[in-house]
Amino acid sequence: MSDLRTLGLALATSAALAACGTSSDAAPEPHRVAIQVGASGYDPAEVEATAGEPLTLVFTRTTEEGCGGTLVIPSQNVRRDLPLNEPVEVTFTPAAGRLRFTCGMDMYDGAIVVQ
Ligand SMILES: [Cu+2]
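About the criteria used
- Residues numbered from 1 in each chain as written.
- Predicted model: local features only at pLDDT ≥ 70, side-chain atom pairs only at ≥ 80, totals over all residues.
- Helix = DSSP H or I, 4+ residues; strand = E, 2+ residues; numbered from the N terminus.
- Buried ≥ 20, exposed ≤ 12 C-beta atoms within 10 Å, placed from the backbone.
- Contact = placed C-beta atoms within 7 Å.
- Pairing = 2+ DSSP bridges.
- Axes fitted to C-alpha atoms, helices over the stretch in contact; angles between N-to-C directions.
- Core = buried A, V, L, I, M, F, W, Y, C linked by C-beta atoms within 7 Å.
- pLDDT = per-residue confidence, 0-100.

Let's shift gears to the overall build of the protein chain. Per the secondary structure count, the protein chain includes 1 helix and 9 strands. The buried share of the protein chain, taken over its 115 residues, is 18%. Expressed as a percentage of contacts within the protein chain between residues at least 6 apart in sequence, the contacts between residues at least 24 apart total 57%.

Next up, the structure:
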């Protein structure tokens, strides 16, 4: 009887953990930073991160002006389209350094400062 109760509790617990998308065994949730892409570039244009910890950047392009429609993060081999007003997530685990991100023509200037 007590075994059944324990099993029930374990199932309920794992269901609760699954519901919120985490479990004690999983890697920590990535650090999330939202970045707006406007007519003159990125806001914020500089993001801080910790070396070896997963990082999720959430880019949202908010204007048809300018050339923010393509996102490039050369060090991560990332090249993504940014549809207007649609958040686009990019997750990676950075090494220490200063990682640039820019538009498709290398004009906008953004950086991830990783320590
Ligand atoms: Cu450009």
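With that out of the way, let us pick up unusual backbone geometry. Backbone torsion omega between D43 and P44 reads 0 degrees, so that peptide bond is classified as cis. Along the chain, P44 turns up in the loop between β2 (41-43) and β3 (46-49). Even without glycine at this site, N77 takes up a positive phi of about 55 degrees. Here N77 shows up in the loop between β5 (70-73) and β6 (78-81).

A few words on the sheet that holds β3. Two modes of strand pairing occur in sheets, parallel and antiparallel, and in both the strands are linked by backbone hydrogen bonds. On the basis of which strands lie adjacent, the open sheet formed by 3 strands has the order β3-β9-β8 and mixed pairing. Here the strands that pair on one side only, and so sit at the sheet edges, are β3 and β8 (97-101). Neighbour-to-neighbour, the strand axes of this sheet turn through a mean angle of 20 degrees, independent of strand direction. Pairing between β8 and strand β9 (residues 110-114): 5 bridges, direction antiparallel. Its bridge partner being in β9, R100 is matched across the sheet by A111.

This part is about the sheet that holds strand β4 (residues 55-61). With respect to topology, 4 strands assemble into an open sheet ordered β2-β1-β4-β7, the strand pairing being mixed. Of all strands in the sheet, those bounded by a partner on one side alone are β2 and β7 (88-92). On average, each strand axis in the sheet is inclined to that of its neighbour by 30 degrees, with strand direction left out of account. Two elements, strand β1 (residues 31-38) and β2, share 3 bridges in a ladder whose sense is antiparallel. Bridge assignment links G38 to a residue of β2, and that residue is G41.

Another aspect to go through is the nonpolar core. The tendency in soluble globular proteins is for nonpolar side chains to be buried as a group. Core analysis: the biggest nonpolar cluster contains 16 residues, and I35, V47, A49, L57, F59 and I112 have the highest contact counts within it. Secondary-structure elements contributing two or more residues to this core are β1, β3, β4, β5, β8 and β9. Top element by residues in this core is β4. It accounts for 3 residues. The contact partners of I112, leaving out residues within four places of it in the chain, are V47, A49, P94, L99 and F101.

With that settled, consider the confidence of the model for the protein chain. Averaged over all residues, the pLDDT of the protein chain is 85; the fraction at 70 or higher stands at 77%. Contacts of residues 6-22 to residues separated by more than four positions or lying in other chains number 3 contacts, the stretch itself having pLDDT below 50.

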